[in-house]
Amino acid sequence: MSRFRLTVDDHIMIAHSLQDPFFGPAQNLHGATLSIQASFFRDGLNEYGVVLDIGAATELLAATLEPLRYKNLDELEALAGKFTTTEVIIEHIAETLAAELPADHGLTALEVQAEEHPRARASVWVQL
Ligand SMILES: Nc1nc2c(c(=O)[nH]1)N=C([C@H](O)[C@H](O)COP(=O)(O)OP(=O)(O)OP(=O)(O)O)CN2
């Protein structure tokens, strides 16, 4: 059986500080624009010949990112007590996406990738 991936993109502008000497100058409050890709995986296609409707995937990602847009993540309850690294942010996004998928999604996994700058990106894989 063919294995398919559908990817949709979005981005968020956030502020945060990483308050530990481990992070050097990033202990100070700073801004970041994260380019986000969400990929959805399926073994075979559904009855409409798609992994997931592109519009539905785009809206799902946008809705998941909405609470993060233009926010100081230091003040966000959902991430309280965590270092809001790119890895922690994408884990939060991936878990939220997984929780918001329709019950009959038929997907096998999803992956969220974030590019923090042109030379650094991180991704997380969630088996569904
Ligand atoms: N694995 C990760 N490492 C770091 C993250 C991250 O999200 N994941 N984030 C940061 C900072 O938020 C910022 O993006 C970069 O800060 P900077 O001090 O420039 O970090 P560098 O490691 O690139 O440079 P050094 O100054 O040499 O530490 C930091 N790390």
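Labelled according to an unreviewed UniProt entry, the protein appears under the name 6-carboxy-5,6,7,8-tetrahydropterin synthase, originating from Nesterenkonia aurantiaca. Recorded in UniProt for the protein, the comment headed Catalytic activity (unreviewed entry) runs: "7,8-dihydroneopterin 3'-triphosphate + H2O = 6-carboxy-5,6,7,8-tetrahydropterin + triphosphate + acetaldehyde + 2 H(+)". Of the comments in the UniProt record for the protein, the one headed Pathway (unreviewed entry) reads "Purine metabolism; 7-cyano-7-deazaguanine biosynthesis."

A. Representation of unusual backbone geometry within the structure. A positive phi angle, close to 60°, is found at Tyr 70, a residue other than glycine. Structurally, the position occupied by Tyr 70 is in the loop between helix 1 (54-65) and helix 2 (86-100). The exposure class assigned to Tyr 70 is exposed, which follows from its relative accessible area of 66%.

B. Broad picture of the pattern of salt bridges. Under the defined criterion, the tally for this structure stands at 5 salt bridges. In this structure, Asp 43 and Arg 3 form a salt bridge, with 3.2 Å as the shortest nitrogen-oxygen distance. Of the two residues, Asp 43 sits in strand 2 (residues 30-43) while Arg 3 sits in strand 1 (residues 3-16), which places them 40 residues apart along the sequence. What makes Asp 43 partly exposed here is its relative accessible area of 31%. Close ionic contact of Glu 115 with Arg 121 constitutes a salt bridge, the shortest N to O distance being 3.5 Å. The exposure class of Glu 115 is partly exposed, given its relative accessible area of 28%.

C. Expanded view of the sheet that holds strand 4 (residues 120-127). Spatially, the 4 strands line up as an open sheet ordered 1-2-3-4, and their pairing is antiparallel. Each edge of the sheet is formed by a strand with only one pairing partner; in this case those strands are strand 1 and strand 4. On average, each strand axis in the sheet is inclined to that of its neighbour by 20°, with strand direction left out of account. In the sheet, strand 3 (residues 109-117) pairs with strand 4 via 8 bridges, with the strands oriented antiparallel. Paired with Glu 111 across the bridge in strand 4 is Trp 125. Against the sheet, helix 2 engages strand 1, strand 2, strand 3 and strand 4, with an angle of about 150° to strand 3.

What counts as what
Residues numbered from 1 in each chain as written. Predicted model: local features only at pLDDT ≥ 70, side-chain atom pairs only at ≥ 80, totals over all residues. Heavy atoms only, no water. UniProt positions renumbered as here; feature names shortened; annotations may be inferred. Helix = DSSP H or I, 4+ residues; strand = E, 2+ residues; numbered from the N terminus. Buried < 20%, exposed > 50% of the residue type's maximum accessible area, 1.4 Å probe, protein only. Salt bridge = Lys/Arg side-chain N within 4 Å of Asp/Glu carboxyl O. Pairing = 2+ DSSP bridges. Axes fitted to C-alpha atoms, helices over the stretch in contact; angles between N-to-C directions. Contact = heavy atoms within 4.5 Å.

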